[in-house]
Amino acid sequence: MRKPLIGLTPSYDVETNDISMRNTYLRAVKEAGGIPIVLPLEAEEPDLQRLVSLCDGILFTGGPDVHPFLFGEETHMHCGAVSAKRDTLELALLRLVMEVRKPVLGICRGIQLINIGLGGTIYQDIPSQFPQNFPVAHKQPFPYAVASHHVSVVPGTRLADICHGLTIQVNSMHHQAVRDLAPRCIVSGFGPEGLIEAIEMPDYPFLVGVQWHPEYLWSQDEAAANLFLQFVEACR
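Starting afresh in each chain, residues are numbered from 1 along the sequence in its written order. Residue-level local features of this predicted model are given only where pLDDT is at least 70; pairs of side-chain atoms are given and counted only at 80 or more, and the full residue set underlies all totals for whole chains, interfaces and linings. Values reported for side chains reflect all heavy atoms of the structure, with hydrogen atoms and water molecules removed beforehand.

Engineer: Any chance you could break down the overall build of the protein for me, citing the residues and the numbers?
Structural biologist: Numbering of helices and strands runs from the N terminus, with a helix taken as a DSSP run of H or I at least four residues long and a strand as a DSSP run of E at least two residues long. For the protein, the helix and strand inventory stands at seven helices and 13 strands. Values of the radius of gyration come from C-alpha atoms, whereas the globule rule sets the reference at 2.2 Å times the count of residues to the power 0.38. Taken over the C-alpha trace, the protein has a radius of gyration of 16 Å; the compact-globule value for 236 residues is 18 Å, and the two agree within 12%. Overall, the C-alpha framework of the protein stretches about 50 × 40 × 35 Å when taken along its three principal axes. By the burial criterion, 52% of the 236 residues in the protein qualify as buried. Note on definitions: a residue-residue contact is assigned when non-hydrogen atoms from the two residues lie within 4.5 Å. The long-range fraction of contacts in the protein, counting pairs at least 24 apart against all pairs at least 6 apart in sequence, stands at 69%. Accessible areas in this description were obtained via Shrake-Rupley with a 1.4 Å probe; residue shielding takes into account the shown protein chains only. Carbon and sulfur atoms make up 54% of the accessible area of the protein, which totals about 10,500 Å². Positive charges come from Lys and Arg alone, negative charges from Asp and Glu alone, with His and the N- and C-terminal ends not counted. By convention, charge coordinates are those of NZ in Lys, CZ in Arg, CG in Asp, or CD in Glu. Here the protein contributes 17 positively and 26 negatively charged side chains, and the mean placements of these two sets differ by 7 Å. Think of it in three bands: with a 1.4 Å probe and only protein chains considered, a residue is buried below 20% of the maximum accessible area for its type, exposed above 50%, and partly exposed in between.

Written out as structure tokens, the structure is:
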């Protein structure tokens, strides 16, 4: 059976100007039946178009905060480091991959980037902008292979089909999250206190974004494994 080629957006160290990729992403895609390739950080639009034509799907990975100017806000005092190069690459990449309607998966920063690119906004800092009666540890104090809170999955969504259930356990390592949902998208998962944890686009072949990191959970968690399996299957 033909293995689909999956392009992954790279991590970028603003201090050293180096790009990198956590092996957890590569292994998750490989074990799901795909061939992962790390995309360049800088590419002219014709080169990006060719890369999109070669790839069967794109995975937008986790990383630094997206610059607030890109969703019409000033910089909040608790906003973290940003990467203009990643913002530029990924917003252009999202537009190009959606023009040809190839599958898209977003993880952590990826869900936020997708929502911003499609016209939505994010909380720049959950603790100060999203009051909670019981403050959930969105930056969990233990290893990422251990779940730290629950997500309520919306019935009838693609995520519900992926997870085979309406409550899942997830890990958490972020301080930003989707705020105003982008047009054409729907919420498919809520965290404690109603924070958006997953989005998707019903009228698109496959577009799913999740706030947690299933690449650390897939080896022991059915829902995390199925997310990568269905994404790779959509890319065939």
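Back to the write-up after that little detour.
Engineer: Hey, could you go over the packing of helix H2 (residues 45-54) against helix H3 (residues 84-99) for me, with residue numbers and the actual values?
Structural biologist: Interhelical geometry of H2 versus H3 gives an angle of 50 degrees and a closest axis separation of 10 Å. Here H3 runs oblique to H2, going by the angle between their axes. Viewed along their axes, H2 and H3 form a crossing whose handedness is right-handed. Mapping the contact onto sequence places Glu45, Leu48, Gln49 and Val52 in H2 and Leu89, Ala92, Leu93, Arg95, Leu96 and Val97 in H3. The residue makeup of the contact of H2 with H3, split by class, is seven nonpolar, one polar and two charged. Interaxial angles span 0 to 180 degrees and are taken between N-to-C directions of axes, which are lines fitted to C-alpha atoms, for helices over the stretch in contact. Geometric relationships in this document are graded by angle, where less than 35 degrees denotes roughly parallel, more than 145 denotes roughly antiparallel, 65 to 115 denotes roughly perpendicular, and other angles denote oblique. Here a crossing is called left-handed whenever its near helix is offset anticlockwise from the far helix by less than a right angle, and right-handed whenever the offset is clockwise. In the scheme used here, Gly and all other residues not listed as nonpolar or charged are polar, with Ala, Val, Leu, Ile, Met, Phe, Trp, Tyr, Cys and Pro taken as nonpolar and Asp, Glu, Lys and Arg as charged.

Engineer: Talk me through the sheet that holds strand E13 (residues 207-210); I want residue IDs and the actual numbers.
Structural biologist: Two modes of strand pairing occur in sheets, parallel and antiparallel, and in both the strands are linked by backbone hydrogen bonds. Taken together, the nine strands give an open sheet; going across it, the order is E4-E1-E5-E6-E13-E12-E11-E8-E9, and neighbouring strands pair in mixed fashion. Sheet topology places strand E4 (35-38) and strand E9 (167-170) at the edges, where each strand pairs with a single neighbour. Neighbouring strand axes in the sheet, compared pairwise and without regard to direction, differ in orientation by 25 degrees on average. We call two strands paired when DSSP finds no fewer than two bridges between them. Bridge analysis of strand E1 (residues 5-8) against E4 gives four bridges, and the strand direction is parallel. In the sheet register, Gly7 faces E4, and the bridge partner there is Ile37.

Engineer: How would you summarise H3 if you had to cite specific residues and measurements?
Structural biologist: Since one α-helical turn is 3.6 residues long, residues separated by three or four positions face the same way. If you check H3, its first and last C-alpha atoms are 23 Å apart, about what 16 residues at 1.5 Å a residue would give, namely 22 Å. Within the sequence span of H3, burial applies to Arg86, Asp87, Leu89, Glu90, Ala92, Leu93, Leu94, Leu96, Val97 and Met98. Following H3 by one or two positions, Arg101 adopts a phi angle in the positive range, close to 55 degrees. Between the first and last residue of a helix there are one fewer steps than residues, each counted as 1.5 Å, and that sum is the expected span.

Engineer: Give a detailed account of the environment of Val178, specifying residues and quantitative values.
Structural biologist: With respect to the element layout, Val178 can be found in strand E10 (residues 177-178). Among all residues touching Val178, those that are not within four sequence positions of it are Ile111, Asn115, Thr121, Ile122, Tyr123 and Ile196.

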